[in-house]
Amino acid sequence: MFLNLLRSSGNLTQISQIHAQIIVNGLALHTQFLSKLIELQSVDYARAVFNQLPSPTDYSWNSMIRLYTVNGFPQHSLSLYSEMLKKDHKPSNFTYPSLFKACSTRSSIEKGKQIHAHVVKFGFQYDLFVNNSLIDMYCKCSCMKSAQVVLDEMPESDEVSWNSIISGYVRVGEIEKARVLFGEVPVKRNVVCWTSLINGHGRKGKLNEMFRLFLQMLVSGDDVEPNSTTMVCLLSACSSPSDCKLGNWVSLFIDVNQIPVTTILSTALIDMNSRCGDLDKAQRLFDGLSGKNLVSWNAIITGYVQTARFEEAVRLFDLMQTHSVKPNEITVVNVLSACSGLGALELGKRLHIYLGRNGLDLNVIVAAALVDMYTKCGRVTDACLVFVKTPNKDVALYNTMILGLAYNGHGSESLAVLAEMERNGTRPNDMTFLGVLSGCNHSGLAEEGRYMFSDMVKKYGLSPKIEHYSCMVDLLGRAGYLYEAFELIQNMEISPDSFIWSSLLSSCRIHRNIELADEIAAVIMSSQNPNSGSCILLSNIYASVGRWKDVIRMRKLVKEKGDKKPLGVSWIELNGSVHKFVVEDVQHLQSKEIYEIHKFLTDQLKAEGYVPTFDCVSS
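Small disclaimer: the values here were computed from a predicted structure and weren't measured. (Residues numbered from 1 in each chain as written. Predicted model: local features only at pLDDT ≥ 70, side-chain atom pairs only at ≥ 80, totals over all residues. Heavy atoms only, no water.)

Engineer: Would you explain a nonpolar patch on the surface in this entry?
Structural biologist: Side chains of Leu 215, Leu 218, Val 219 and Trp 249 sit close together on the surface and give an oily, nonpolar patch of about 380 Å² of accessible area. By residue number, the principal contributor to the nonpolar patch is helix H14 (residues 207-219), which donates three residues. For Val 219, the position within the fold is in helix H14. Residue Val 219 is classed as exposed on the basis of its relative accessible area, which comes to 70%. (Patch = residues over 30% accessible without salt bridge, like charges linked within 9 Å, V, L, I, M, F, W, Y side chains within 5 Å. Areas by Shrake-Rupley, 256 points an atom, 1.4 Å probe, with all protein chains shown as cover. Salt bridge = Lys/Arg side-chain N within 4 Å of Asp/Glu carboxyl O. Helix = DSSP H or I, 4+ residues; strand = E, 2+ residues; numbered from the N terminus. Buried < 20%, exposed > 50% of the residue type's maximum accessible area, 1.4 Å probe, protein only.)

Encoded structure:
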């Protein structure tokens, strides 16, 4: 009776009641009871019962070792194996697969080699099941030579053996070796084998070769049908370089061939569409996903952040919390990026507090996101505190701090961070010097800017990009060194863009240097397609000195081009809510009150004697 009750019970409350009756009635059902606890994955309860067994069977030992491994306690599996040997209980071929899995989970290659020696000692070196698990362990620990030796010495191998070794070579990046073995497979190649090789080429960015292999799989004599894992590999490879054409082809293939759409595959489709800018489709896929998990939430939030749709990203984050999905570091970094874009300081601070309270790792990636958020919200002191407290700083974190200081007008401090970076042996890169030059620019440090630009080229051998030149031209121009800036443009190793010319023109307007503006105008007008922004700047400069014919000529050129300036957008956070505004906005619920306050402030300014200047009115 108790045995039947035990078999039909499905919760621990009933099980504990049955256990009590077994003990009271003195029934010898300990092994059966242990099996039920193992089936229910009740680790601690099962170990307590196991410890009471007078003579544990092979099945009991092996089941407990497997239970520990499956439930994420690999060290307990290995300890129990040691206890098993001390009690002179000989292991069986069913003992070792769980042990090798425990070793690979902990990356304990030395322990794995010791247990490999035990396999030989106890005579299981020819067991296919044991050898397959041994190959898998060596592959997951990146010991491909040892894995290859095991395969070469096996008297017989099967699909699992070859799948493991090929996947192992792919994992360590030895694609050519994997390809050679793929051609030597003596058994029928299954979808796992094909998918491993396809994935290897995708991870290397060899999309053409990856798709050639995929098509080869479809027409091969192996009679292999792609599965959802195959499609995830293809989509992931397309997402990295945002190859939308191939990604859409894979999406269509999934629909036409009715590939089962798992949660993982749905998430891969969401990620691919997000990266390709088709957020509407990504959102539809996400809305239709029944088993939403943290990865799928992260994929859709990331998509909105990467396309600068920050409000939607924050909205989804709020919705995610209502579904009781706990965010991780990836979620936090993305939402912090959205906070940076919106200037949403209060939400950013809440995320910072959340990190501390929930024990999430404040690694350099999270720290960089926090520094970026605080500096873009004007909280430089808070950003500095995060920066100082973060150990093992990398170049990305240094760059974020330097850029944040620069954008807040702390040029001298950004130079100090660069000096610390050099002292700590972290080599600056292009982005570092862009931040430092921006800092010099915002703080008017022309001499320091010249020195940094020279250091970038001569000391670190970095070639200036268009952004570096633009920063230097703006720095020199604002400081009044107009002809030095003009000479720098003329000596650039790359062609100057419209932003550089517009920057120098702005400096000409500030310093009222009409002669140089005329020289720049001649260069701009000689191009086939003069930039509208530069033409508007020239129009403003000519208007400031009353050269109305030139004003009319410039504005006519702008009108003929038909270019329209994109609407400016601004955000403000109030009481935890982010408000968005555009020019002549009437959509905001309080727009009437806002315009009334604006008119009141304008009237007050005029009453105090403010007179607007129209020298720089845009067309």
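Engineer: How should the nonpolar core be read in this particular structure?
Structural biologist: Most often, soluble globular proteins keep nonpolar side chains buried together rather than apart. Within the largest apolar cluster, 100 residues are counted, with the highest numbers of intra-cluster contacts made by Ile 301 and Ile 520. Tallying contributions element by element places helix H23 (residues 364-376) first for this core, with nine residues. Ignoring any residue separated from it by four or fewer positions in sequence, one finds Ile 520 in contact with Phe 486, Trp 501, Leu 504, Leu 505 and Cys 508. Core analysis: the next-biggest nonpolar cluster, separate from the first, contains 75 residues, Leu 78, Tyr 81, Phe 253 and Ala 268 among them. (Core = buried A, V, L, I, M, F, W, Y, C linked by side-chain atoms within 4.5 Å. Contact = heavy atoms within 4.5 Å.)

Engineer: I tried to follow the packing of aromatic side chains on my own but got confused; where do I start?
Structural biologist: Any aromatic ring pair is given by two values, namely how distant the centres are and how the planes are angled relative to each other. Enumeration over the complete set of coordinates arrives at 16 aromatic pairs. Ring geometry for Phe 182 versus Trp 194: centroids 4.7 Å apart, planes at 80°, classification edge-to-face. Taken as a pair, Phe 182 in helix H12 (residues 175-184) and Trp 194 in helix H13 (residues 191-203) lie far apart in primary sequence, twelve residues in all. Judged by its relative accessible area of 5%, Phe 182 is buried. For Trp 194, a relative accessible area of 0% gives the class buried. Pairwise contacts between aromatic rings join Tyr 81, Tyr 96, Phe 100 and Phe 124 into one cluster. Lying over the aromatic face of Phe 182, Arg 189 brings its terminal NZ or CZ to 4.4 Å of the ring centre. The ring of Phe 286 carries Lys 292 above its face, with NZ or CZ at 5.1 Å from the centroid. (Phe/Tyr/Trp six-rings, centres within 6.5 Å; stacked < 30°, edge-to-face > 60°. Lys NZ or Arg CZ within 6 Å of the ring centre and 35° of its normal.)

Engineer: Looking at this model, I keep getting lost on the packing of helix H6 (residues 74-86) against helix H8 (residues 109-121). Mind explaining?
Structural biologist: The angle between the axes and the distance between the axes are what describe a pair of packed helices. Where H6 contacts H8, the two axes come as close as 13 Å, and the packing angle between them is 35°. H6 and H8 meet at a crossing whose hand is left-handed. On the side of H6, the interface is formed by Leu 78, Tyr 81, Ser 82 and Leu 85, while H8 contributes Lys 111, Ile 115 and His 118. In the contact of H6 with H8, the residues fall into four nonpolar, two polar and one charged. (Axes fitted to C-alpha atoms, helices over the stretch in contact; angles between N-to-C directions. Left-handed = near helix turned anticlockwise from the far one by under 90°. Nonpolar A, V, L, I, M, F, W, Y, C, P; charged D, E, K, R; others polar.)

Engineer: Would you mind going over the environment of Leu 462 with me for this structure?
Structural biologist: Counting through the fold element by element, Leu 462 comes out in the loop between helix H28 (446-458) and helix H29 (466-478). Owing to a relative accessible area of 17%, Leu 462 belongs among the buried residues under this scheme. As for Leu 462 and Phe 433, which are separated by 29 residues in sequence, their C-alpha atoms are 9.5 Å apart. The contact partners of Leu 462, leaving out residues within four places of it in the chain, are Pro 428, Asn 429, Asp 430, Phe 433, Met 456 and Val 457.

Engineer: When you look at the UniProt feature "repeat: PPR" (unreviewed entry) in the protein in this model, what are you seeing that I'm missing?
Structural biologist: Here, UniProt's "repeat: PPR" (unreviewed entry) annotation points to residues 57-91, 158-188, 190-224, 293-327 and 394-428. In the segment residues 293-327, helix accounts for 74% and strand for 0%; the C-alpha atoms at its two ends are 10 Å apart. (UniProt positions renumbered as here; feature names shortened; annotations may be inferred.)

Engineer: Explain the pattern of salt bridges to me, please; I cannot follow it from the model alone.
Structural biologist: For side chains bearing opposite charge, pairing can occur when the charged atoms are close. Scanning all chains against the criterion turns up 18 salt bridges. The shortest N-O distance in the salt bridge between Lys 87 and Glu 83 comes to 3.4 Å. Across the salt bridge formed by Arg 309 and Glu 312, the nearest N and O atoms sit 3.3 Å from each other. Residue Glu 312 is classed as partly exposed on the basis of its relative accessible area of 24%. The network of salt bridges with shared partners includes Asp 518, Arg 547, Asp 550 and Arg 553.

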